[in-house]
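Now for the letters of each chain:
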Amino acid sequence: EAVYYTAAVGVVFDAAAHSQRFFLGHDDDISCLTIDGSRTHAASGQVGAQPLVLVWAVSSLEQLARLRHGRVLGVTAVGFSADGELLASVGRDDLNTVHVWDWRHERLLSTVEGQKAVPPAVWGVQWAPAGGAVASEQQLQVAGDGGASPACLVSYGAKHIKLWGSKDGRGKTASWSMKVLRFGES
């Protein structure tokens, strides 16, 4: 199956059966979509007067969560953590705000400035598949036991790549550290 969107519709295409199913939970155009690692959940963000992210089951098309974003013009990127428990989303505002959600409980855990620039300056977010970023005074320290950890993510976009780590090592705190990643000479 392939999952994609068009206008305000999430589409699940079954290539073998040559059939489609439709998720119709959005009331404005979808602007981004992601699927979790187990390929059972999708999250889609929308633009409009009341931007939000909807999390839905790929198999049943049942809406599982509705994450309201408040004072942004839309959602430009979404990404599930490696374990599928957390979801990051990026608002279409002048700070390109990164939101971290406990999506199963529809609870916003933290917000942090993604990149101060005209939106959309952050094009995507990707969680680290395994824990443990390098630790030193100049670099982020992300606690981890070497296994999968939802504590580390990367945002990327116009003229930047940033590595984010939560202070508690689990992504459940409003306090995040950030390191700008650079290529070439520093």
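All of these numbers come straight from a predicted model, not from anything done at the bench.

**Notes on the sheet that holds strand 4 (residues 30–35)**
Here is step 1: Read across the sheet, 4 strands follow the order 4-5-6-7 without closing on themselves; strand pairing throughout is antiparallel. Looking at the sheet topology across the chains shown, the edges are occupied by strand 4 and strand 7 (63–68). Across the sheet, the mean angle from the axis of one strand to that of its neighbour is 15 degrees, orientation sign disregarded.
Here is step 2: Note that strand 6 (residues 52–57) and strand 7 share 5 bridges and pair antiparallel. Residue pairing across strands places Val 55 opposite Ala 65, the latter belonging to strand 7.

**Observations concerning the nonpolar core**
Proteins that are soluble and globular tend to have nonpolar side chains buried together.
Here is step 1: Ranked by size, the top nonpolar core spans 13 residues in total, and within it Val 90, Val 100, Trp 127, Leu 153 and Trp 176 carry the most contacts.
Here is step 2: Those elements that place two or more of their residues in this core are strand 9 (86–91), strand 10 (98–102) and strand 12 (122–127).
Here is step 3: By size, the runner-up hydrophobic cluster in this structure holds 12 residues, among which are Ala 65, Leu 67, Val 78 and Leu 87.

**What to know about the pairing of strand 1 (residues 2–6)**
Consecutive side chains of a regular strand alternate in pointing toward one face of the sheet and then the other.
Here is step 1: Relative to strand 2 (residues 9–14), strand 1 runs antiparallel, the two being bridged by 5 bridges. In the sheet register, Tyr 4 faces strand 2, and the bridge partner there is Val 11.

**Quick look at the packing of aromatic side chains**
Here is step 1: The tally for this structure, following the rule as stated, stands at 2 aromatic pairs.
Here is step 2: Relative to Trp 56, the ring of Phe 23 lies with its centre 4.5 Å away and its plane at 5 degrees, an arrangement referred to as stacked. Taken together, the residues span a long stretch of sequence, with Phe 23 in strand 3 (residues 19–23) and Trp 56 in strand 6 at a distance of 33 residues.
Here is step 3: Relative to Trp 103, the ring of Phe 80 has its centre 6.0 Å away and its plane inclined at 75 degrees; by these criteria the two rings are edge-to-face. Taken together, the residues span a long stretch of sequence, with Phe 80 in strand 8 (residues 75–80) and Trp 103 in the loop between strand 10 and strand 11 (107–112) at a distance of 23 residues.

About the thresholds
- Residues numbered from 1 in each chain as written.
- Predicted model: local features only at pLDDT ≥ 70, side-chain atom pairs only at ≥ 80, totals over all residues.
- Heavy atoms only, no water.
- Pairing = 2+ DSSP bridges.
- Helix = DSSP H or I, 4+ residues; strand = E, 2+ residues; numbered from the N terminus.
- Axes fitted to C-alpha atoms, helices over the stretch in contact; angles between N-to-C directions.
- Core = buried A, V, L, I, M, F, W, Y, C linked by side-chain atoms within 4.5 Å.
- Buried < 20%, exposed > 50% of the residue type's maximum accessible area, 1.4 Å probe, protein only.
- Phe/Tyr/Trp six-rings, centres within 6.5 Å; stacked < 30°, edge-to-face > 60°.

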